[in-house]
Every structure is written in structure tokens, then in C-alpha cells.
Amino acid sequence: MERKRMDCPALPKGWKREEVTRKSGLSAGKSDVYYYSPSGKKFRSKPQLARYLGDTFDLSCFDFRTGKMLSSKVNKNKKVASRALDSNKKYDASLVLPIRQTASIFKQPVTHVRSKANKGSETRNDPKSANQEQPKQLFWEKRLQGMNACDIAEEVIKNMELPKSLEGLGPGWNDETLLQSIASSLHLSNTPITGQTTAPSTVEKNPAVWLNTDQPLMKPLVVSDEDIRKQEERVRQARKRLEEAIAGKYLHTNKHVE
DNA sequence: AAGCTCGGCAT
DNA sequence: ATGCCGAGCTT
């Protein structure tokens with residue numbers, strides 16, 4: 001059987017995966033999976049790998065046997081007690097987002113408490129308060145960390161690449177949080193997305209005062225006419241490829257999807 | 001001594 | 001059923 005150390009795209013660069021089929025004994029035919037660090041150290045279990053990587057890399061979605069990121073593993077550690085204990089109901093913890101569950105395209109307040117004075121008269125689903133600002137937790141986007149879109153086979157879809165002109169801001173931002181932050185803003189707000197207008201250093205010093213929660217955690221961005229023209233061209237090209245694919249001319253050219 | 005392999009416990 | 005790791009076997 002093959003004993004090739006293959007690159008493992010789900011892990012950081014330089015990590016290799018190897019699958020060795022047992023060729024004798026009671027367990028003949030079964031296989032063992034090993035990983036090799038960039039430095040060549042061998043790993044033979046997920047706990048061993050996790051111990052080594054520590055906070056460096058989140059293995060919670062990582063399937064050791066297949067070497068792929070599986071969304072079915074998301075939230076497997078977390079539990080929602082009341083529902084999880086109700087064994088009659090089918091319940092998938094991975095479907096519960098850390099944000100409100102209502103259709104978020106429209107602003108739908110759940111409960112709005114005006115003041116202590118008129119307790120008992122909170123408005124619930126009051127249309128009048130629908131356009132009022134809802135409080136947002138600072139850096140709430142962090143709760144989206146580690147969540148991924150996935151396809152029907154549960155394989156995690158790689159994050160899209162962001163233009164390098166987009167720069168995040170806030171404590172420990174990275175491409176993942178930036179993308180999630182922008183996506184959330186586009187989804188939740190109906191105002192233009194322009195980024196934070198306060199200097200990044202000022203925001204970091206006192207977010208409670210200077211952070212604009214309507215805007216994503218990114219530095220201000222100017223979109224030029226040139227950018228728009230380029231994007232229009234990309235869309236045009238994509239539509240053309242789609243048209244051709246539908247026409248059946250290129251049934252097997254799904255390599256260059258953008 | 002280090003690396004490889006399969007058994008077998010634990011889950 | 002299979003993930004994990006001990007330990008015997010090979011190099």
C-alpha cells in the first residue's frame with residue numbers, strides 16, 4: 001500500500017498526512033493515519049496533535065482520519081442544556097448561531113426595555129421600535145470565529161480572498177474576522193459600508209467611545225471608479241462562463257470558479 | 001535507540 | 001465500530 005506523505009491543505013502550510021494500511025494480523029485491511037509537522041515530527045492521534053499546536057490552530061472542526069475540516073464538528077463541545085436533554089426532539093447544535101435567530105435582513109427587535117419607570121410595559125415586536133437602534137456588543141463579531149460555511153457534503157468552504165486594500169481593526173483581527181464582520185454589516189445594515197472613521201489607534205484605546213457598531217471592523221476604504229469597472233468586468237466574465245457551462249460546452253471545467 | 005506495526009482497551 | 005496509545009518487533 002501507498003506510504004506517501006501528502007500535503008494536508010486543512011492544516012497550516014508544511015504539514016503532511018500519511019495513511020498506512022495494516023497488512024497483517026486481525027486488523028489487516030484497516031488503516032492508520034499519521035501527520036507530520038513541517039519539522040518532521042510524527043503525530044498519531046488528534047489529542048497529540050492538539051497538544052502540540054495549542055492555541056496556534058483550532059482543530060475543533062478537523063477530522064483526523066480524513067484530514068479535512070468538517071462543519072459537523074462545529075459546536076460539538078458546546079451544549080444547550082434544556083434542549084439537548086429533550087431526547088424526543090431532533091436537535092442540531094451546529095445550527096444555532098450566537099446571534100438572534102430571526103430573519104436578519106429586516107430589523108426585528110425582540111424586546112425593547114425603555115426604562116425602569118414603566119416596568120411591565122416593555123414593547124415586544126412593536127413595529128414602532130423596529131427602526132430604533134439595537135444595542136450591539138462591542139466586537140460581537142468575535143463570536144463568529146471558527147464558524148464556516150459548508151457545502152452539502154459538510155466540507156468547509158474556503159473563505160474567499162479579500163482585496164488587500166481591506167484592512168481590519170480591533171483586538172486581534174485577521175482575515176477571517178474581517179470577512180465575517182463585513183458580511184455581517186452588509187446583512188444587518190442598510191447604510192453604505194465605509195468602515196470605521198476613527199483612527200484605529202483611538203478605537204483600540206477606547207472602543208466603547210469610538211467604535212461605530214454599524215460599521216464593520218475595518219479601516220475606511222475608498223472604492224474607485226477603476227475598482228468598480230474591474231468588478232463589473234469580473235461579473236461579466238463569470239456570467240459568460242456560466243452561460244457556456246449551462247449550454248453544456250464545458251461540463252467539466254468547474255476548476256476555475258471564482 | 002528510534003521507528004514501525006498491530007493489539008486491545010476505552011469510548 | 002474506531003480512536004488512541006502501549007509495547008513488541010524491526011531497523
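Computed from a prediction, not measured in an experiment: that's the story for all the values here. (Residues numbered from 1 in each chain as written. Chains lettered and ligands numbered in written order. Predicted model: local features only at pLDDT ≥ 70, side-chain atom pairs only at ≥ 80, totals over all residues.)

**Section: the overall build of chain A**
Right, so step 1: Along chain A, the regular secondary structure elements total six helices and eight strands.
Right, so step 2: What you see in chain A, going N to C, is helices and strands ordered as β-β-β-β-α-β-β-α-β-β-α-α-α-α.
Right, so step 3: Relative to its full complement of 258 residues, chain A shows a buried share of 12%. (Helix = DSSP H or I, 4+ residues; strand = E, 2+ residues; numbered from the N terminus. Buried ≥ 20, exposed ≤ 12 C-beta atoms within 10 Å, placed from the backbone.)

**Concerning the protein's contact with DNA strand B**
Right, so step 1: In the region of DNA strand B, the neighbouring residues are Val 20, Arg 22, Lys 23, Ser 24, Gly 25, Leu 26, Ser 27, Asp 32 and Lys 42.
Right, so step 2: Of the residues in the surface near DNA strand B, the class split is two nonpolar, three polar and four charged. (Near = placed C-beta within 6 Å. Nonpolar A, V, L, I, M, F, W, Y, C, P; charged D, E, K, R; others polar.)

**Section: the environment of Pro 216**
Right, so step 1: Mapped onto the elements of the fold, Pro 216 is located in the loop between helix H5 (207-210) and helix H6 (225-246).
Right, so step 2: Through-space distance from the C-alpha of Pro 216 to that of Thr 194 is 8.2 Å; in sequence the pair is 22 residues apart.
Right, so step 3: Excluding anything up to four places from it in sequence, Pro 216 contacts Ser 181, Ile 182, Ser 185, Ile 193 and Gly 195. (Contact = placed C-beta atoms within 7 Å.)

**As for the protein's contact with DNA strand C**
Right, so step 1: Around DNA strand C sit Arg 44, Ser 45, Lys 46, Pro 47, Gln 48, Phe 64 and Arg 65, and that is every residue in its neighbourhood.
Right, so step 2: Of the residues in the surface near DNA strand C, the class split is two nonpolar, two polar and three charged.

**Quick notes on the nonpolar core**
Where a protein is soluble and globular, its nonpolar side chains tend to be buried together.
Right, so step 1: One finds Ala 10, Leu 11, Trp 15, Tyr 35, Phe 43, Cys 61, Phe 62 and Met 69 forming the largest nonpolar core, which totals eight residues.
Right, so step 2: Membership of the second largest hydrophobic core comes to six residues, among which are Leu 169, Leu 178, Ile 182 and Met 218. (Core = buried A, V, L, I, M, F, W, Y, C linked by C-beta atoms within 7 Å.)

**A word on H6**
Right, so step 1: Over its 22 residues, H6 extends 31 Å from the first C-alpha to the last, a length consistent with the 32 Å expected when each residue adds 1.5 Å.
Right, so step 2: Of all 22 residues that make up H6, zero are buried, and the element is exposed over most of its length. (Expected span 1.5 Å × (residues − 1).)

**Digging into the confidence of the model for chain A**
Right, so step 1: Summarising the model, chain A shows a mean pLDDT of 71, and 60% of its residues fall at 70 or more.
Right, so step 2: pLDDT under 50 marks residues 77-132. Its contacts with residues more than four places away, or in other chains, come to 34 contacts.
Right, so step 3: Taken together, the stretch residues 254-258 has pLDDT below 50 and engages in two contacts with residues farther than four places along the chain or on a different chain. (pLDDT = per-residue confidence, 0-100.)

**Here we look at the pairing of strand S3 (residues 31-36)**
Right, so step 1: Relative to S3, strand S2 (residues 16-21) runs antiparallel, the two being bridged by six bridges. For Arg 17, the partnering residue across the bridge sits in S3 and is Tyr 35.
Right, so step 2: In the sheet, S3 pairs with strand S4 (residues 42-43) via two bridges, with the strands oriented antiparallel. Residue pairing in the sheet places Tyr 35 in a bridge with Phe 43 of S4.
Right, so step 3: Where S3 hands over to S4, the hairpin turn is made up of five residues, of which Gly 40 adopts a positive phi near 100°. (Pairing = 2+ DSSP bridges.)

**Digging into the sheet that holds S4**
Within a sheet, neighbouring strands are paired by backbone hydrogen bonds and run either parallel or antiparallel to one another.
Right, so step 1: With respect to topology, four strands assemble into an open sheet ordered S1-S2-S3-S4, the strand pairing being antiparallel. In the strand order of this sheet, the two ends are held by strand S1 (6-7) and S4, each with one partner.

**Remarks on the pairing of S2**
Right, so step 1: Sheet analysis places S1 next to S2, joined by two bridges and oriented antiparallel. Each bridged residue has a counterpart across the sheet, and for Met 6 the counterpart in S2 is Arg 17.

**Regarding the environment of Gln 215**
Right, so step 1: Secondary-structure assignment places Gln 215 in the loop between H5 and H6.
Right, so step 2: Look at Gln 215 and you get buried, because 20 C-beta atoms sit within 10 Å.
Right, so step 3: In this structure, the C-alpha to C-alpha distance between Gln 215 and Ser 185, residues 30 residues apart in sequence, is 6.3 Å.
Right, so step 4: Residues within four places of Gln 215 in sequence aside, it is in contact with Ser 185, Ile 193, Thr 194, Gly 195 and Gln 196.

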